[in-house]
Amino acid sequence: MKFPINEYKKSNELYQRALKVVPGGVYGHLGPSEGCAIPISAFPIFSSKAKGAYFWDVDGNRFVDYMCAYGPNVLGYNDPDVDAAAAAQLKKGNCVTMPGDVMVPFAELMCDTVNMADWVVFAKNGGDVTSYAVMIARQATARKKILMIKGSYHGVAPWTQKLGHGGIIPEDVCNNLYCTFNDIEDFKRVVEANKGEIACFITTPYSHPIFTDNELPNENWYKEVRRICDENGIVLIFDDIRCGFRLNVKGSDYHYGVKADLQCFCKALANGYNVSALCGTDALRGYATDVYYTGSYWLSAEPFAAGIACISKMLNTDNWGGKQFHEYIRAKGVKLLDGLVDVAKTNGFDLVVSGEPAMWYMRLNNDYTTMLHQEWVAECVKRGVFFVSHHNHFINAALSDEDIQFTLDVADEAYKVVKANHPELG
């Protein structure tokens, strides 16, 4: 074999220590118990450092990282311009009794950049602003019910989860309604059946649930959704937490030719510094001030400076060879995905790619148990290419042509290993 196989001795030792003091060792979506790391033995558990398109685990193994910290890494880990801006602000002040003056230029930049934005409020997590958006919609409409897409993800607040999940009671989800993405007749049916009761429709720009092919909006979906929301007084909320800035710096609603009433950002907003944002239109400005919603660190200044540097860098086309930022990373995504599909085909596999090239999902066709795909992903990870088996992946601007070629070479060897392990495939 061309590529050495990673070992994770230090990672596993650290995990055993973590199990004694942290529930599950590593909790949430980054933990091995969540199910993204299958088999666990193929994956590192703790990182030691990161730079550009890579991270290194505690055993010194380097990975070309296509999870990008589940989205925040958009320019490249430890981007020098973003880090310098954050460090300079940190010397001046971070968490202070009054918000730092950097908040105002950050807010102005957001309103100048995001097409639909007349105002912005900052928080920390994506779930902070999706919940805030729903509260504003309820305040504005004096209605209870929330319409969302079946299988969608909007955070971990009780209203975002399903009955049967740990700690969720019927009262948490009794006002939730669900429809099918891209099925306008289903959307109409739910709205008509709950006439005058729906406060908002919250949706991701395109459908990107786990374990399922991603689905882009059809030509008339948002045109009709916008019309029906307007006719029925329903607030349209775009959850742009994952997609935001990767599809278009003006917002994913702009990318798909619609104007949202509220739009939620996080992930790529500050290249990993902890800040999220809710943008809104003037019509909802007063209702936003009516809702009391805040947090201990929401006005910390360091990530505001990082956000200014991140967005400013994305907006400067000189950084991207004269292209718009979203065009630049889309081209990288297309090159990678075309290559992965070709490599799979060469080895007798049918790799299905869906979603947007800057944030795609992939699976093997005719692999109904997903076991073959999981096995291939694990073989890639063991050789230094970090994929996961059932989540969308991300492109960052630091990814080079050499990184893409390395990925394709690893993918090729990984498919050959899977094929050798399964002679029944022929």
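Parameters at a glance
- Residue numbering note: each chain is counted from 1, following its sequence as written.
- Restriction of local features to residues with pLDDT of at least 70 applies here, the model being predicted, together with a cutoff of 80 or more for giving and counting side-chain atom pairs; totals for whole chains, interfaces and linings are based on all residues.
- Computation of side-chain values: all heavy atoms of the structure, hydrogens and water removed.
- Structural elements are reduced to axes, namely lines fitted to C-alpha atoms, with helices fitted over the stretch in contact, and the angle between N-to-C directions of any two is expressed from 0 to 180 degrees.
- Numbering of helices and strands starts at the N terminus; helices are DSSP runs of H or I of at least 4 residues and strands are runs of E of at least 2.
- Each angle gets one of four labels, with under 35 degrees taken as roughly parallel, over 145 as roughly antiparallel, 65 to 115 as roughly perpendicular, and the rest as oblique.
- What makes a crossing left-handed is the near helix being turned counterclockwise from the far one by less than a right angle; a clockwise turn instead makes it right-handed.
- Working rule for contacts: check all heavy atoms of both residues, and any pair within 4.5 Å makes them a contact.
- Only Asp, Glu, Lys and Arg are considered charged in this grouping, and only Ala, Val, Leu, Ile, Met, Phe, Trp, Tyr, Cys and Pro are considered nonpolar; every other residue, Gly among them, is considered polar.
- Classification of residues uses two cut-offs on accessible area relative to the type maximum, computed with a 1.4 Å probe and protein chains only: under 20% is buried, over 50% is exposed, and between them is partly exposed.
- DSSP bridges decide pairing: two strands pair if at least two such bridges lie between them.
- Whether a set of points on the 1 Å grid over the protein atoms alone is a cavity depends on a 1.4 Å probe fitting there but being unable to get out, while an open set qualifies as a pocket with protein on both sides within 12 Å along at least five of seven lines; lining residues are those with an atom within 4 Å of a point.
- Grid points are joined across faces, edges and corners, and a volume is the space filled by probe spheres set on the points.
- A pair of Phe, Tyr and Trp rings is counted when the ring centres sit within 6.5 Å of each other, with Trp represented by its six-membered ring. The angle between the planes then sorts it: under 30 degrees is stacked, over 60 is edge-to-face, the rest tilted.
- Throughout this description, the term charge over a ring refers to an Arg CZ or Lys NZ atom that lies within 6 Å of the ring centre and within 35 degrees of the ring normal.
- Any cysteine sulfur atom paired with another within 2.5 Å is treated as part of a disulfide.
- For our purposes a nonpolar core is just a set of buried Ala, Val, Leu, Ile, Met, Phe, Trp, Tyr and Cys residues, chained together by side-chain atoms within 4.5 Å.
- Criterion for a salt bridge: a side-chain nitrogen of Lys or Arg within 4 Å of a carboxyl oxygen of Asp or Glu.

Peer 1: I'm lost on the packing of helix 2 (residues 80-92) against helix 10 (residues 301-315) in this one. Help?
Peer 2: A pair of packed helices is captured by two measures, namely the crossing angle of their axes and the spacing between those axes. The N-to-C vectors of helix 2 and helix 10 enclose an angle of 150°; their axes lie 8 Å apart at closest approach. Overall, the two elements helix 2 and helix 10 adopt an arrangement that is roughly antiparallel. As helix 2 runs across helix 10, the sense of the crossing is right-handed. Two secondary-structure elements touch here, helix 2 through Asp-81, Val-82, Ala-85, Ala-86, Gln-89 and Leu-90 and helix 10 through Ala-301, Glu-302, Ala-305, Ala-306, Ala-309, Cys-310 and Lys-313. Considering only residue class, the contact of helix 2 with helix 10 consists of nine nonpolar, one polar and three charged.

Peer 1: Where do I start with the pairing of strand 4 (residues 119-123) in this structure?
Peer 2: Strand residues, when the strand is regular, have side chains that alternate between the two faces of the sheet. Within strand 4, four of the five residues are buried, leaving the element largely enclosed by the surrounding structure. Direction of pairing for strand 4 relative to strand 10 (residues 276-280): antiparallel, over a ladder of five bridges. Along strand 10, the bridge assignment pairs Val-120 with Cys-279.

Peer 1: What is the right way to read the environment of Val-74 from this model?
Peer 2: The residue Val-74 is located in the loop between strand 3 (62-65) and helix 2 in this model. Residue class for Val-74 comes out buried when judged on its relative accessible area of 0%. Separated by 195 residues in sequence, Val-74 and Leu-269 have C-alpha atoms that sit 8.6 Å apart. If sequence neighbours within four positions are ignored, Val-74 has contacts with Arg-246, Ala-268, Asn-271, Cys-310, Phe-325, Asn-396 and Ala-397.

Peer 1: Looking at this structure, I do not really get empty space enclosed by the protein. What am I missing?
Peer 2: To locate leftover empty space, one rolls a probe as large as a water molecule over the atoms. Using the criterion set out here, one finds one cavity of 30 Å³ or more in the structure. Put simply, the largest cavity is a space of about 80 Å³. Forming the boundary of the largest cavity are Ile-149, Lys-150, Gly-151, Ser-152, Tyr-153, Phe-181, Thr-203, Thr-204, Ser-207, His-208, Pro-209 and Arg-242. A breakdown of the residues in the lining of the largest cavity according to their chemical character gives four nonpolar, six polar and two charged.

Peer 1: What am I meant to see in the packing of aromatic side chains here?
Peer 2: For any pair of aromatic rings, the description consists of the separation of the ring centres together with the inter-plane angle of the planes. A full pass over the atoms with the stated rule returns 26 aromatic pairs. A ring pair is formed by Phe-106 and Phe-304, whose centres lie 5.6 Å apart and whose planes are at 45°; its orientation type is tilted. With Phe-106 in helix 3 (residues 103-113) and Phe-304 in helix 10, this residue pair connects regions lying 198 residues apart in the sequence. In this pair, the class of Phe-106 matches that of Phe-304, namely buried. Relative to Phe-325, the ring of Trp-320 lies with its centre 5.0 Å away and its plane at 65°, an arrangement referred to as edge-to-face. Residue class for Phe-325 comes out buried when judged on its relative accessible area of 1%. The structure contains a cluster of three or more aromatic residues connected by ring pairs, namely Phe-181, Phe-187, Phe-201, Trp-221, Tyr-222, Phe-238 and Tyr-256. Here the basic side chain of Arg-62 rests over the ring of Tyr-54, its NZ or CZ set 4.1 Å away from the ring centre. Its end group placed over the ring of Phe-406, Arg-62 keeps NZ or CZ at 5.7 Å from the ring centre.

Peer 1: I tried to follow the pairing of strand 1 (residues 47-51) on my own but got confused; where do I start?
Peer 2: Of the pairings in the sheet, the one linking strand 1 to strand 2 (residues 54-57) comprises four bridges and is antiparallel in character. What sits directly across from Ser-47, in strand 2, is Asp-57. Between strand 1 and the antiparallel strand that follows it, strand 2, lie two residues; Gly-52 among them carries a positive phi value of about 60°.

Peer 1: Honestly, unusual backbone geometry in this entry has me stumped. Any pointers?
Peer 2: Peptide bonds are, in most cases, trans, and in most cases residues other than glycine have a negative phi. Phi is positive for Cys-68, close to 50°, though the residue is something other than glycine. Topologically, Cys-68 is positioned in the loop between strand 3 and helix 2. Under the relative-accessibility criterion, Cys-68 is labelled buried at 0%. A positive phi angle, close to 60°, is found at Asn-366, a residue other than glycine. Taking the relative accessible area as the measure of exposure, Asn-366 reaches 54% and is therefore exposed.

Peer 1: What exactly am I supposed to notice about the sheet that holds strand 1 here?
Peer 2: Remark on secondary structure: sheet strands pair via backbone hydrogen bonds, oriented parallel or antiparallel. Ordered by their spatial adjacency, four strands build an open sheet running 1-2-3-13, and the pairing between neighbours is mixed. Every interior strand has two partners, whereas the edge strands, strand 1 and strand 13 (385-386), have only one. Bridge count between strand 3 and strand 13: two bridges; the pairing is parallel. Residue pairing for strand 13: Val-64 is matched across the bridge by Val-385. Sheet strands in contact with helix 13 (residues 401-421) are strand 2, strand 3 and strand 13, and its direction is about 105° off that of strand 3.

Peer 1: Looking at this structure, how should I read the state of the cysteines?
Peer 2: Two cysteines whose sulfur atoms are joined by a covalent bond form what is called a disulfide. Under the counting rule described, the total for this entry stands at zero disulfides. Its sulfur unpaired, Cys-68 is 12 Å from the next cysteine sulfur, which belongs to Cys-310. Unpaired in this structure, Cys-266 has its nearest cysteine sulfur neighbour in Cys-264, at a distance of 10 Å. For Cys-266, a relative accessible area of 14% puts it in the buried group.

Peer 1: Would you mind going over the nonpolar core with me for this structure?
Peer 2: Nonpolar side chains tend toward joint burial in soluble globular proteins. Of all hydrophobic cores here, the largest spans 111 residues; its most connected members are Met-110, Phe-187, Phe-201, Leu-340, Trp-376 and Phe-387. At eight residues, helix 10 tops the list of elements feeding residues into this core. Once residues within four sequence positions are removed from consideration, Phe-201 is found in contact with Leu-147, Met-148, Ile-149, Cys-179, Phe-187, Trp-221, Val-225, Cys-229, Ile-234, Val-235, Leu-236 and Ile-237. One finds Ala-123, Val-134, Cys-200 and Cys-264 within the second-largest nonpolar core, a separate group that totals 25 residues.

Peer 1: For this particular structure, what's the right way to read the pattern of salt bridges?
Peer 2: For side chains bearing opposite charge, pairing can occur when the charged atoms are close. The tally for this structure, following the rule as stated, stands at 20 salt bridges. The closest approach of N and O atoms between Asp-81 and Lys-313, which form a salt bridge, is 2.7 Å. With Asp-81 in helix 2 and Lys-313 in helix 10, this pair connects stretches of sequence that are 232 residues apart. Asp-81 sits in the partly exposed class, given a relative accessible area of 44%. Taking the relative accessible area as the measure of exposure, Lys-313 reaches 16% and is therefore buried. A salt bridge links Arg-189 to Asp-186, with the shortest nitrogen-to-oxygen separation between them at 2.6 Å. Taken together, the residues Arg-189 and Asp-186, both in helix 6 (residues 184-193) and three residues apart, mark about one turn of the helix. Each of Glu-379, Lys-382, Arg-383 and Glu-413 takes part in salt bridges that share partners, so that together they form one network.

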